[in-house]
Amino acid sequence: MEEKGTYAFENAKTAAGDGEGRAGPGEQRAAGAGIHLFDETELDNLRYLLIELAHMFGSYLVDKQLLEGVRKGQDSFMLLGDIFRRLADVQRAEPKVAIRHRGFTSSVSRSGALDYEIMYNEIMVDGAITRAMTKRMGVRMSHLEKRLLKAFEVFSNHSIHTLDLRVPTAGSEEEMDRMRLCLSILSRYNQAYRMNTPIGFKRNGVEEEQPIIQNQRHQADINLTMLAALNRMDPDAMADMVSKVAARLQSMGMENQNNVYAAIFAVKSYREKLIRPPLEVNNVRPAGADGGGFGGGGGGGGTGDGELPEGELMEGNFSQFGVDPADPIARTISEVFADSPRQAAAIMRGIYANDYKRIDTQQLANRIHMIGKLLDSLDQMPEGDQMFKEILQHVEGRIEQVRESVLGNMAIQEGTLKVRVDGKEAAIGKVNPKLLKAVAASKARATIKKKMRNIMRGRTTFSAGDFRALSADFQIPEADAREIVGLLKNCFSEEGHFLRKNFEANIPKFARHERKIFEFVWHYLKETLRRQDRVAFLNSLQHLIAAMKQRQKGIGILMTDFLRNPTAVDYSDRNAVMLSNLLIRKYNKELNLDIELTPEEVLLVRDGVDTTLARAVAQVINNTQDRLMRKLTTIRRQVRGVLGGLTSEVPSMPLRYLLSLEREVYIFLALLDCKTSHVVLQRALNVYGDPASEIYRLRESRKNLQTLTQHLKVILRCMGRVGRETDLSLLDRVGRNEAAFLRLANDPPDQDKVRQVLRWAERSREEILRRTMKDSRDSGAFTLS
């Protein structure tokens, strides 16, 4: 098995000075700028506005006459203007609203097609939040969820996957006129596309027509059409500009880039003279999507052979999979399947989707078949070999997540993939041989994983084929694979309990396989141990890594695994971060103890942190900040689901596990003390340090108040370690909110515990001031006379 992603940790610079990985004063100010805190009533009022905004946009798409007041006897655009003014009052610096599709259409239900969210700065609205909000606001608001879902249904039916809008400046009639013009184009676009006619609209009471504009691939483009109307550019002038930008993309080696609209505003001369539309639809587009229906619905191709069921179709855009549109694989898919956007979207999903844990045998077979089509096409490309390897890495990692029962219903015979569905066997047909080899390897891994689990449940036998598969998987000699399995068997009793003494006695033998042993053990045993054995196992791993002097490589493997899928949380995640907290230190008192959580006292450690290693890891964490933020967002969303008692949202993991996982991440970042540490902890303090925050107002919050405030204590202590002078106001606000925190507690003993937690705000404040004064003295900023 290749060490996917760990190279970044191993190759990171380690000789940096103190400034590397730490945020400078400008970065600190930027991280905390624009933060506005709302109480629950204010938040609900803002969410109400966002729901009404989505509802009105959906209504305009269904009935364009609403814009002119024909249906209601009044100009509904005036109501929209009032919403814009109220939103602009909240955030005056370029306020933006983003509506995003984030779900997947399922063959069982269309509910995934309506899985949208609305974002306004840090405020988010979706179906689950609207249900909770309706409960708080009472029966008078019971219509909100229906309105929201109706709007989402309209967006889905129109193939709108993203809708971005800039809120007009309050009082600016010019900006409101631009918004109205773009809405007129948007609401009439689909009909004009189907009829192949110009779009008729009014500008200042005068009837005008706007032809639909095409991109460099001669595909209709809604954003280019709005751009032309807004700037009064005729089709010839637009075609000339599109051609020039496309030529520039080609000269940069980006000729496969679909989104020439976005590229136009990357050119300074165009950016300075053109008015950018306040609305943008599907920017960036789905791979290979046509412009009809705002991205494939109106003029896109079908599924070709028709082998792909409708439930397997995902016409989302790159951003839904976290894929850069300039990614070579994504660009190749766009190019090869430009005439078949449905196939392009299905291949994108097959390579990049994160739902492999849930798919069934038929869905997996369909994806393999479609990916095989792409791989076959790479044989004709000069750069095909390297891309082939990258695609296989993506696919192998995802097939590993598939349930054993799903893989068990697949067979490979004479180069043909066969599946068993509902008791019937069917041949999918010839599939690219290298892809079939990857599928066979994944089936072998599933078998070995099952046998590894059986090591802890009694005796099990490994075949010669198993050892060959392990040898190929980890790129080690077959004899080494046999020895490692034998050593691991010796570390478990017949009842399946982990024998720490046996493991540590075997460390010298394990160390002979230092290149792969940690990855091998972590990969197979990270999730399978009983709870009573888990902490002993984790501490034994720390001994193993220390003996091999492989701390940096170990953290690389752990953090790569932790960040592999930012949209999901696994039980092994906490183990990965807790073990990283052990490894980042040169020595620790817990080495010979069985611990389940990192003690808070490690936040006092300064000299004991391996600074060279910390800087190397910090550099990579800063470079992967987006993935880390998304992972933390996923964790906190599940926390809210548990506290809110939302039955459809409640994860299988308990609240204490989720909070302890989040806690381990905060401690790890505090030990690194890098730019990302500061940003993450600021955001955490804004959530947990405000008694008016939603996290304290959910159905189960009061019952778990002590757990939540203890969580706040760790955040306060972490902030004391990495905070800057600019954070003092955040800590002061926590202290000022003591009375509101106390009102959340039910009785005097609970209130005393809350007071004890809040004292850490003052202690952390003092720590930041003490450190700031020391840094000033050390830098010679002032001297004593």
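Refer to the structure printed above.
Just so it is clear, the model here is predicted, and its values are computed rather than measured.

S.K.: How do you make sense of the overall build of the chain when you look at a structure like this?
M.R.: Each helix and strand counted, the chain has 33 helices and 10 strands in total. Looking at the chain residue by residue over its 785 residues, the buried ones come to 55%. Of the contacts formed within the chain by residues at least 6 apart in sequence, a portion of 71% connects residues at least 24 apart. Put simply, the chain shows about 34,800 Å² of open surface, and 48% of that area lies on carbon and sulfur atoms.

S.K.: Please clarify how the pattern of salt bridges should be interpreted in this entry.
M.R.: Evaluation of the coordinates by the stated rule reveals 30 salt bridges. For R500, the salt bridge goes to E504, with nearest N and O atoms at 2.8 Å. Within this pair, R500 and its partner E504 are both found in helix 20 (residues 500-505), separated by 4 residues, close to a single helical turn. Here R500 falls in the buried class, since its relative accessible area comes to 17%. Overall, E504 belongs to the partly exposed group, its relative accessible area being 27%. Here the salt bridges share partners, and the residues they tie into one network are D44, R47, R640 and E694.

S.K.: Please explain helix 24 (residues 551-563) as it appears in this structure.
M.R.: Each α-helix winds once per 3.6 residues, and so residues spaced three or four apart point in a common direction. For helix 24, spanning 13 residues, the distance from its first C-alpha to its last is 18 Å, which sits close to the expected 18 Å at 1.5 Å a residue. Across the 13 residues of helix 24, 12 count as buried, placing the element largely inside the fold. Every buried residue of helix 24 is listed here: R551, K553, G554, I555, G556, I557, L558, M559, T560, D561, F562 and L563.

S.K.: Sorry, what's going on with the pairing of strand 9 (residues 416-421) here?
M.R.: If a strand is regular, its side chains alternate between the two faces of the sheet. By the bridge criterion, 4 bridges tie strand 8 (residues 410-413) to strand 9 in an arrangement that is antiparallel. Bridge assignment links M410 to a residue of strand 9, and that residue is V419. Connecting strand 8 to the next strand, strand 9, in antiparallel fashion are 2 residues, including E414 with a positive phi near 50 degrees.

S.K.: Is there a simple way to think about the side chain of R551 in this case?
M.R.: Among the structural elements, R551 can be located in helix 24. For the buried R551, which has no salt bridge, the nearest side chain bearing the opposite charge is D610, at an N-O separation of 5.4 Å. Looking at R551, its side chain comes within polar contact range of the main-chain oxygen of R585, at 2.8 Å. Ignoring sequence-local partners within four residues, the contact set of R551 consists of Q542, I545, A546, L582, L583, R585, K586 and L613.

S.K.: It is not clear to me how the sheet that holds strand 3 (residues 123-125) should be interpreted in this structure. Could you clarify?
M.R.: Note: strands within a sheet are paired through backbone hydrogen bonds, in either parallel or antiparallel orientation. Overall, antiparallel pairing links the 5 strands, which are arranged 3-2-1-4-7 in an open sheet. Taken across any chain shown, the strands that pair with only one partner, and hence form the sheet edges, are strand 3 and strand 7 (279-281). Averaged over all pairs of adjacent strands, the angle between their axes in this sheet comes to 15 degrees, without regard to strand direction. Across 3 bridges, the pairing between strand 4 (residues 162-166) and strand 7 is antiparallel.

Definitions and limits used
Residues numbered from 1 in each chain as written. Predicted model: local features only at pLDDT ≥ 70, side-chain atom pairs only at ≥ 80, totals over all residues. Heavy atoms only, no water. Helix = DSSP H or I, 4+ residues; strand = E, 2+ residues; numbered from the N terminus. Buried < 20%, exposed > 50% of the residue type's maximum accessible area, 1.4 Å probe, protein only. Contact = heavy atoms within 4.5 Å. Areas by Shrake-Rupley, 256 points an atom, 1.4 Å probe, with all protein chains shown as cover. Salt bridge = Lys/Arg side-chain N within 4 Å of Asp/Glu carboxyl O. Expected span 1.5 Å × (residues − 1). Pairing = 2+ DSSP bridges. Lys, Arg positive; Asp, Glu negative; His and termini not counted. Polar contact = N/O pair within 3.5 Å; in protein donor to acceptor, adjacent residues only side chain to side chain. Axes fitted to C-alpha atoms, helices over the stretch in contact; angles between N-to-C directions.

Purely geometric stuff here, so don't read any function into it on its own.
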